[in-house]
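Close look at the chain arrangement
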Amino acid sequence: MAVRRWISVGWLVGAACVAGLGLWLGQYLAVVVAISWGTVEIALQIRSARSIYRFLGGFGHLMSLYGKNDAASHRILDSRIQELVIGGRLSHEQNAWLERLRALVELRSLLFGKNLADRKNALGSLFIYSHQPFWKDTPEMLSVMEQVSMSLVTEASTHVADLYWRLLDIASSDWGELTIQARGLYQEMFNKPFVKAQAQEVIGKLTDQMQRDGGLPFVILNTVKMDRTVTAQSMMRRLVENGETMDDEIRTTLYWCAELVRFQSPEESGFDDALKTLYHVCLIAPDQAEWLEIDSPYFPQLETLNEMAREGFLFKESLVDSLLSLWAGYDQFSGIFQALLIKLLGVNNKIYDRRDIWARVWEHSRDGLNREYLWLAEGNIAYAQGNWSLAQECFETALGLSPKLSQAMLNRLFTAARLKDSRRHRAVVEALTQDDPKTLYSIADSFLLLGDEAGAEPYYEALKRCIGWESKVDYYRSSFCLDHGLVPLAVKFGERSLLSEPHNMAARFHLSQCYSSAGDVEGALSALAEISSPPEWMHFYRFTLQRDTGRLGEAKETLLRVPKGALSEQDLEAAVEFARSQKDLSLLRHLKRQS
């Protein structure tokens, strides 16, 4: 529009010059031609002005809708633009103006997280780089993550990169109010005024990163940067579960970026939960890993857990290398990499804010990273395999690297007890600070392994005086004895536990297991009989007792009461084998419905 105005002005100036020259020279024909020429040009401008005026009326309405910046206005604005474009009565210049307005509308909608229930908008919004987040994780976004794929991620990266280039074009050109709005949007995103040369560099770098490796590194890092960690975690988990094709190192690194950035400390409540967070704990908080202690609820899985832990500690080294490598290509996300390295390496220094500094820190700490925990895991594996002497050597080595490593200090109690080394055991006991429940019950339990029940008693009595432990001590030591093959003691303390808490279902079930291990299956069934409303998982245990005591009719009835989905695959196979041995077709049909 500006170019056309200047051309028209040039024509009018030219006509005036010709008319003036004609009057001076007395060439009146030239004067008439010049005046006619100017008159025609003025008429054309008036006609054009009317057309522009009509368009500017629409322009004002559209910009008014744009200024409201709400969902309803956006819908009306988009509908109005569609009508104007489809109408086909606009000039090329007017169509270009509308297309640029549409790009600004879409870019701003993505910035403010409008219509996140739409998959295209949801993914596109995660590619918008901004100095601050304008929206948080939403249920709609998490729902969209259920359908995410690499092809959709790549498509979104290309589309948003194109919107950024359109923003640069509008802000750099003369489109009147659109240019003003584009520059305002740029400043809103980057918190700096629009300067063309700087903006070209910023947008060029961003769009290059957006489309690198299918857009995955950028979208995950950007999502984390905007504090949408739940969305980032959901996206990476879904992509990994779906087996999407991507570079293995990038996939692994980004997966753990999303996982660890929001992981604080373990909150396991059972074996399955411990497995879910095992690598997380090994990477960030091994000092909080309860399953690295021999005297823990997970002792029956000690070898399995510690073999996995060993893999986790070894993986940590390659993860740090991968993070530093990724940081080299995405330096504007340095805050994320710095936070992760602080967690992984346990180094927190304000001057460590650049990649080259962290690379030097890593070179100095690489050789000693988690070596004490690797020795601890090796000792636990040796202990689980019955190699007490090797386990003791491993624990001593771990303590040589980290003299205050609590798990190794406590685990030494049990190697000394297994080796029947009373002198060493006493020395370890005296070296421990005995002011917390964990130390008290570990010392007491180790005395039981040593065969010194009297030596354990003072520590159990002290434990009973700890808040929350008043009624738990007998149940706990019975569980320890059962796990470590001290079955007579397990029965003794299990019965004591039930006397103090006769309505405790867990204590009654545990006593049933103690009787079963002692060969008293009748006692085991009797203990279960007192449980009025047993949970579904207890049916199969009851069935095995009935089957093994020859109560086949009762065993069949128990299986028929098992609800659908209550049996694991392994338990279902055992139940089907029993039904076949009894040639019971009705029971087989019932079990078939279970699968």
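**Considerations on the overall build of the protein**
Within the protein, the regular secondary structure consists of 30 helices and zero strands. Buried residues in the protein amount to 47% of all 595 residues. Pairs at least 24 residues apart make up 61% of the contacts formed inside the protein by residues separated by at least 6 positions. Surface exposure of the protein reaches about 29,500 Å², of which carbon and sulfur atoms provide 52%.

**Regarding the packing of aromatic side chains**
Enumeration according to the criterion identifies 26 aromatic pairs in this entry. Considering the side-chain rings of Phe-509 and Tyr-541, the 5.0 Å spacing of their centres and the 75 degrees angle between planes classify their relative orientation as edge-to-face. Here Tyr-541 lies in helix α27 (residues 538–548) and Phe-509 lies in helix α25 (residues 505–517), a separation of 32 residues in the sequence. Exposure remark for Tyr-541: the relative accessible area of 15% places this residue in the buried category. Of the aromatic side chains, those joined through ring pairs into one cluster are Phe-127, Tyr-129, Tyr-164, Tyr-186, Phe-190, Phe-194, Phe-218 and Phe-333. Positioned over the ring face of Tyr-330 is Arg-212, at 5.2 Å from the centre of the ring. Directly above the ring of Tyr-460 sits Arg-477, whose terminal nitrogen or CZ lies 4.3 Å from the centroid.

**Let's talk about helix α26 (residues 521–529)**
Think of an α-helix as turning once every 3.6 residues; residues three or four places apart then point the same way. Listing the buried residues of α26 in full gives Val-521, Gly-523, Ala-524, Leu-525, Ala-527 and Leu-528. Buried positions along α26 lie against α25 and α27.

**Quick look at the layout of surface pockets**
Empty space within the largest pocket amounts to approximately 500 Å³. The wall of the largest pocket is formed by 23 residues, among which Pro-297, Tyr-475, Tyr-476, Ser-479 and Asp-483 lie closest to the centre. Ranked by the residues each element gives to the lining of the largest pocket, the list is headed by helix α23 (residues 473–483), at six residues. Here the lining of the largest pocket is composed, by residue class, of 11 nonpolar, seven polar and five charged.

**A closer look at helix α14 (residues 302–327)**
Over its 26 residues, α14 extends 37 Å from the first C-alpha to the last, a length consistent with the 38 Å expected when each residue adds 1.5 Å. Where α14 bends most, at Lys-316, the angle is about 25 degrees.

**What about the nonpolar core?**
If you look at the biggest cluster of nonpolar residues, it comprises 164 residues, and the most contacted ones within it are Tyr-164, Met-189, Leu-216, Met-235 and Trp-291. Sequence-distant contacts of Met-189, defined by excluding residues within four places in its chain, comprise Leu-107, Leu-111, Ile-128, Tyr-129, Ser-130, His-131, Tyr-164 and Leu-167. Counting 13 residues, the second largest nonpolar core, distinct from the first, contains Phe-543, Leu-559, Ala-579 and Leu-587.

**So, the pattern of salt bridges**
For the coordinates displayed, the defined rule picks out 30 salt bridges. Across the pair Asp-162 and Arg-166 runs a salt bridge whose closest N-O atoms are separated by 3.1 Å. Residue Asp-162 and its partner Arg-166 are both found in helix α7 (residues 150–172); the two are separated by four residues, about one turn of the helix. Assessed through its relative accessible area of 37%, Asp-162 is described here as partly exposed. The network of salt bridges with common partners includes Glu-317, Asp-321, Glu-363, Arg-366 and Arg-371.

**With respect to the environment of Trp-469**
Relative to the helices and strands, Trp-469 resides in the loop between α22 (453–464) and α23. Assessed through its relative accessible area of 16%, Trp-469 is described here as buried. Spatially, the C-alpha atoms of Trp-469 and Pro-437 are 8.3 Å apart, while their sequence positions differ by 32 residues. Once you skip the residues sitting within four places of it in the chain, Trp-469 turns out to touch Pro-437, Tyr-441, Leu-463, Lys-464 and Tyr-476.

**Focus on unusual backbone geometry**
Non-glycine residue Asp-213 carries a positive phi angle of around 50 degrees. Within the secondary structure, Asp-213 is located in the loop between α9 (196–211) and α10 (216–225). Since its relative accessible area comes to 43%, Asp-213 is described here as partly exposed. One non-glycine residue, Lys-583, lies in the positive phi region at around 55 degrees. Along the chain, the position of Lys-583 falls in the loop between α29 (569–581) and α30 (585–594). Relative accessible area serves as the criterion here: at 74%, Lys-583 is assigned to the exposed category.

**Focus: the packing of helix α24 (residues 487–500) against α25**
Running from N to C, α24 and α25 cross one another at 155 degrees; their axes reach a closest spacing of 9 Å. One finds that α24 runs roughly antiparallel with respect to α25. As for how α24 packs across α25, the hand of that crossing is left-handed. Where α24 abuts α25, its residues Val-487, Ala-490, Val-491, Gly-494, Glu-495, Ser-497 and Leu-498 lie against Ala-507, Arg-508, Leu-511, Cys-514, Tyr-515 and Ser-517. Tallied by class, the residues present in the contact of α24 with α25 amount to eight nonpolar, three polar and two charged.

**What to know about the packing of helix α17 (residues 371–384) against helix α19 (residues 406–418)**
Orientation of α17 relative to α19, taken along the N-to-C sense of each, is 25 degrees, at an axis distance of 11 Å. Taken together, α17 and α19 sit at an angle that is classed as roughly parallel. Handedness of the crossing formed by α17 with α19: left-handed. Here Tyr-373, Leu-376, Asn-380 and Tyr-383 of α17 lie close against α19, whose contacting residues are Gln-407, Ala-408, Asn-411, Phe-414, Thr-415 and Arg-418. A per-class count over the contact of α17 with α19 returns five nonpolar, four polar and one charged.

**Concerning the side chain of Gln-407**
You can see Gln-407 is positioned in helix α19. Within the local environment of Gln-407, its side chain forms a polar contact with the side chain of Ser-406, the two groups lying 3.5 Å apart. Those residues in contact with Gln-407 that sit more than four places away from it in its chain are Pro-286, Asp-287, Ala-289, Leu-292, Glu-293, Tyr-373 and Leu-376.

**Remarks on the confidence of the model for the protein**
Chain-level statistics for the protein give a pLDDT mean of 85 and a share of 85% at 70 or above. Residue range residues 1–5 is modelled with pLDDT below 50. Its contacts to residues more than four positions away, or to other chains, number three contacts. Low confidence marks residues 46–57, where pLDDT is under 50. Its contacts with residues over four positions away, or in another chain, come to five contacts.

**Regarding the environment of Arg-102**
Within the secondary structure layout, Arg-102 lies in helix α4 (residues 92–111). For Arg-102, a relative accessible area of 23% gives the class partly exposed. Measuring from C-alpha to C-alpha, the distance between Arg-102 and Leu-163 comes to 10.0 Å, with 61 residues separating the pair along the chain.

Basis of the calculations
Along each chain, residue indices are assigned from 1 in the same order as the chain's sequence is written. For a predicted model such as this one, the threshold for reporting local features is a pLDDT of at least 70, and the threshold for listing and counting side-chain atom pairs is 80 or more; totals across whole chains, interfaces and linings nevertheless cover every residue. Hydrogens are left out, water is left out, and the side-chain values use all remaining heavy atoms of the structure. Put simply, DSSP H or I for four residues or longer makes a helix, DSSP E for two residues or longer makes a strand, and each gets a number counted from the N terminus. In this scheme, a residue with accessible area under 20% of its type's maximum is buried, one over 50% is exposed, and one in between is partly exposed, where area comes from a 1.4 Å probe on protein chains only. Two residues qualify as a contact provided that any one of their heavy atoms is within 4.5 Å of a heavy atom in the partner residue. Only the protein chains shown count as cover for residues, and all accessible areas are computed by the Shrake-Rupley method using a 1.4 Å probe. Classification of ring pairs rests on two measures: the distance between centres of Phe, Tyr or Trp rings, Trp counted by its six-membered ring, which must be within 6.5 Å, and the angle between planes, read as stacked under 30 degrees, edge-to-face over 60 and tilted in between. Definition used: whenever NZ (Lys) or CZ (Arg) falls within 6 Å of the ring centre and also within 35 degrees of the ring normal, the charge is taken to sit over that ring. Computed over the protein atoms alone on a 1 Å grid, cavities are sets of points where a 1.4 Å probe fits but cannot get out and pockets are open sets with protein on both sides within 12 Å along at least five of seven lines; a residue lines them when it has an atom within 4 Å of a point. Grid points are joined across faces, edges and corners, and a volume is the space filled by probe spheres set on the points. Basically, the charged four are Asp, Glu, Lys and Arg, the nonpolar ten are Ala, Val, Leu, Ile, Met, Phe, Trp, Tyr, Cys and Pro, and anything else, Gly included, counts as polar. Each helix should span, by expectation, one fewer than its residue count multiplied by 1.5 Å. We define the bend at any residue as the angle between the axes fitted to the seven residues before and including it, ending there, and the seven starting there. Residues belong to a common nonpolar core when they are buried Ala, Val, Leu, Ile, Met, Phe, Trp, Tyr or Cys residues joined through side-chain atoms within 4.5 Å. By definition, a salt bridge exists where a carboxyl oxygen of Asp or Glu is found within 4 Å of a side-chain nitrogen of Lys or Arg. Where helices are involved, their axes are fitted lines through C-alpha atoms of the stretch in contact, as for all axes, and angles between N-to-C directions lie from 0 to 180°. By the definition adopted for this analysis, an angle is roughly parallel if under 35 degrees, roughly antiparallel if over 145, roughly perpendicular if from 65 to 115, and oblique otherwise. Throughout, a crossing is termed right-handed when the near helix is turned clockwise from the far one, and left-handed when it is turned anticlockwise from it by less than a right angle. Any N or O atom pair separated by 3.5 Å or less is treated as a polar contact, with the protein-specific requirement of one donor-capable and one acceptor-capable atom, and with residues adjacent in sequence counted only for side-chain atom pairs. The pLDDT value expresses, per residue, how confident the predictor is, ranging between 0 and 100.

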